[in-house]
Amino acid sequence: MLRVDLDKVVCPEFLGVNAVYHGFAFMPFQRERGMTDADAAREFGLISSIGLRLARTWYRPDWACGLDLHNAFDWQTVEMRAFYRWLEEMRTRGVSVALQAGWWCTRDTCLGREKPEPARDLPRFAEWVSESLHQLIEVRGFSNITHLVLFTEPVNYASGLLPDGVSQTCYYGAAIRVIHERLVADNRRHLVRTVGPNSGSTTEAFWVDTAAAEYGDCIDVLSWHSYNGHAFETNPPLEYAGWLNLVRQGMAKPGVASRSCWFDEYGANRPDETVRFTADYGNYLAQAVAALINGGCQTSLLWILMDQKYPGECTNTDSFCRGVQRWGLLPWPHDDLPDNRTPRPAWYAFGLMSRVLGGGAGHNTLWTSGEDDLHIAAVGQPAGQYAFLVVNASRAARRFDVGLNRPLRAPLARFTYDPATICPTPEAMLPGRDGEVLPAAAWTDTIPARGVRLYQTGELLVD
């Protein structure tokens with residue numbers, strides 16, 4: 001039997017099933033390749049349709065200062081004005097934003113110079129971070145910017161030269177300390193919660209315990225990630241167990257479990273789009289989400305929600321083709337691919353999880369217990385409502401029973417992602433309600449092979 005304790009909270013502030021989604025829709029590097037306002041409007045409509053709660057977006061100093069960090073800041077550049085438009089669209093749709101404090105460490109901190117000089121560059125970089133929050137939040141009112149992500153994978157590799165005799169981790173620590181102190185001095189530290197160290201592609205949550213112990217005042221939310229590529233090399237694949245282990249590796253480190261924690265990127269990086277474009281990828285993502293919820297994460301951020309055109313024309317083995325990264329659940333509408341208006345099948349599984357499980361004020365995750373190839377996650381929602389996720393990891397349909405520690409007071413609406421029958425269309429509409437469970441302390445159901453089931457009480461978010 002699958003079990004849920006409605007009174008035992010795992011994470012008291014659940015932010016939802018979220019994604020990396022860059023604020024590029026109005027950027028000149030997208031417009032030059034054909035992106036239109038109509039394309040952007042469709043993109044934003046799809047964001048609304050899945051009820052996305054939080055987007056982590058690219059943000060770097062070159063948008064305000066060009067090719068040199070020490071140029072005067074200009075907050076009315078084409079790029080900044082394009083970014084304001086995107087932020088307004090997110091605010092209108094109730095989407096919170098996790099803003100990058102730069103992308104590369106050390107490269108962004110010494111933009112325009114070959115090699116960083118900490119005494120010169122770090123104060124200027126921190127000034128850019130602080131002034132960005134002033135311009136975006138205090139001047140323009142984008143209070144939906146709630147988090148500041150302190151670089152991307154900054155302790156994993158050197159993205160640029162280092163000062164002589166300084167390690168990558170020491171430089172990162174110095175950078176975030178200077179940022180923190182500048183925000184405190186400018187009375188802006190309270191505007192956002194900081195997120196780091198974003199240690200990447202790691203099975204050991206590298207440096208997260210150091211971040212907790214030595215930089216706990218600089219970092220509010222601890223984060224790490226992996227792409228679990230090894231799961232495809234085992235038989236059967238690790239899937240749920242692999243993701244759960246990746247969370248527990250971090251949570252087991254000293255000082256971590258007592259803090260808010262994000263799994264800030266995830267997905268399948270091997271064998272590449274041959275996995276991500278399949279209907280079964282929806283089940284794979286659902287197993288990851290269930291594990292990350294049950295492991296205690298405040299949120300998980302899929303890499304990436306939709307294919308996006310980045311600056312430049314990069315083509316590489318990381319699914320980039322002429323600057324478009326083909327990692328998403330939706331194609332970029334002007335990529336060199338057929339049928340660019342139709343989502344990939346996993347869009348429907350991810351969309352249902354995002355929409356039904358919810359996130360934000362009044363949401364918390366609950367203790368659950370699965371069995372064999374059946375996994376369950378549960379979310380308490382405002383006004384005494386609940387949502388449940390059940391995932392079938394097996395290749396056969398399964399009958400299952402769910403037992404609660406006390407009865408529900410309202411019926412459950414049921415929604416299903418079946419990889420065998422999902423039929424993507426350009427409208428990208430999520431599957432509607434296909435059943436109901438009456439109020440009780442237990443229920444029985446059958447789930448398709450590699451299927452995903454969502455259940456929800458209260459006012460329906462999907463119908």
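Basis of the calculations
Residues numbered from 1 in each chain as written. Predicted model: local features only at pLDDT ≥ 70, side-chain atom pairs only at ≥ 80, totals over all residues. Heavy atoms only, no water. 1 Å grid on protein atoms, 1.4 Å probe; cavity = no way out; pocket = protein on both sides within 12 Å on 5 of 7 lines; lining within 4 Å. Points joined across faces, edges and corners; volume = space filled by probe spheres on them. Nonpolar A, V, L, I, M, F, W, Y, C, P; charged D, E, K, R; others polar. Helix = DSSP H or I, 4+ residues; strand = E, 2+ residues; numbered from the N terminus. Phe/Tyr/Trp six-rings, centres within 6.5 Å; stacked < 30°, edge-to-face > 60°. Buried < 20%, exposed > 50% of the residue type's maximum accessible area, 1.4 Å probe, protein only. Lys NZ or Arg CZ within 6 Å of the ring centre and 35° of its normal. Contact = heavy atoms within 4.5 Å. Expected span 1.5 Å × (residues − 1).

Some details on the layout of surface pockets
No. 1: Here the largest pocket is characterised by a volume of approximately 450 Å³.
No. 2: Surrounding the largest pocket, 21 residues form its lining, Trp103, Trp104, Trp303, Asp318 and Phe320 being those nearest its centre.
No. 3: Partitioned by chemical class, the residues of the lining of the largest pocket number 11 nonpolar, five polar and five charged.
No. 4: If you add up the space inside the second largest pocket, you get close to 220 Å³.
No. 5: Contributing to the lining of the second largest pocket are 18 residues, with Tyr240, Leu244, Arg248, Asn294 and Gly295 lying nearest its centre.
No. 6: Of all the secondary-structure elements, those providing two or more residues to the lining of the second largest pocket are helix H8 (239-251), strand E13 (364-369) and strand E14 (374-381).
No. 7: Residue composition of the lining of the second largest pocket, by class: eight nonpolar, seven polar and three charged.

Comments concerning the packing of aromatic side chains
No. 1: Scanning the entire structure with this criterion turns up 30 aromatic pairs.
No. 2: Ring geometry for Phe24 against Tyr310: centres 5.5 Å apart, planes inclined by 75 degrees, an arrangement best described as edge-to-face. One end of the pair, Phe24, is in the loop between strand E2 (16-20) and helix H1 (28-31); the other, Tyr310, is in the loop between strand E10 (308-309) and strand E11 (320-321), and 286 residues separate them in sequence.
No. 3: Aromatic pair Trp243 and Phe263: ring centres 6.1 Å apart, planes at 85 degrees, arrangement edge-to-face. Within this pair, whereas Trp243 is found in helix H8, its partner Phe263 is found in strand E8 (residues 260-263), the two being separated by 20 residues in sequence. In this pair, the class of Trp243 matches that of Phe263, namely buried.
No. 4: Members of the aromatic cluster, each reached through a chain of ring pairs, are Tyr21, Tyr59, Trp63, Phe83, Trp86, Phe125, Trp128, Phe151, Tyr172, Trp207 and Tyr215.
No. 5: The ring of Phe26 has Arg85 sitting right over it, with the charged end atom 3.8 Å from the ring centre.

Regarding the environment of Val178
No. 1: With respect to the element layout, Val178 can be found in helix H6 (residues 168-185).
No. 2: For the pair Val178 and Glu127, spaced 51 residues apart in sequence, the C-alpha to C-alpha distance is 9.4 Å.
No. 3: Apart from residues no more than four positions distant in its own chain, Val178 is found in contact with Leu122, Pro123 and Ala126.

Structural notes on helix H10 (residues 280-294)
Structural remark: α-helix, 3.6 residues per turn; residues separated by three or four positions point the same way.
No. 1: Between its first and last C-alpha, H10 extends 21 Å over 15 residues, near the 21 Å set by a 1.5 Å rise per residue.
No. 2: Counting buried positions over the 15 residues of H10 gives 14, a clear majority of the element.
No. 3: Positive phi appears at Gly296, one or two residues downstream of H10, with a value of about 105 degrees.

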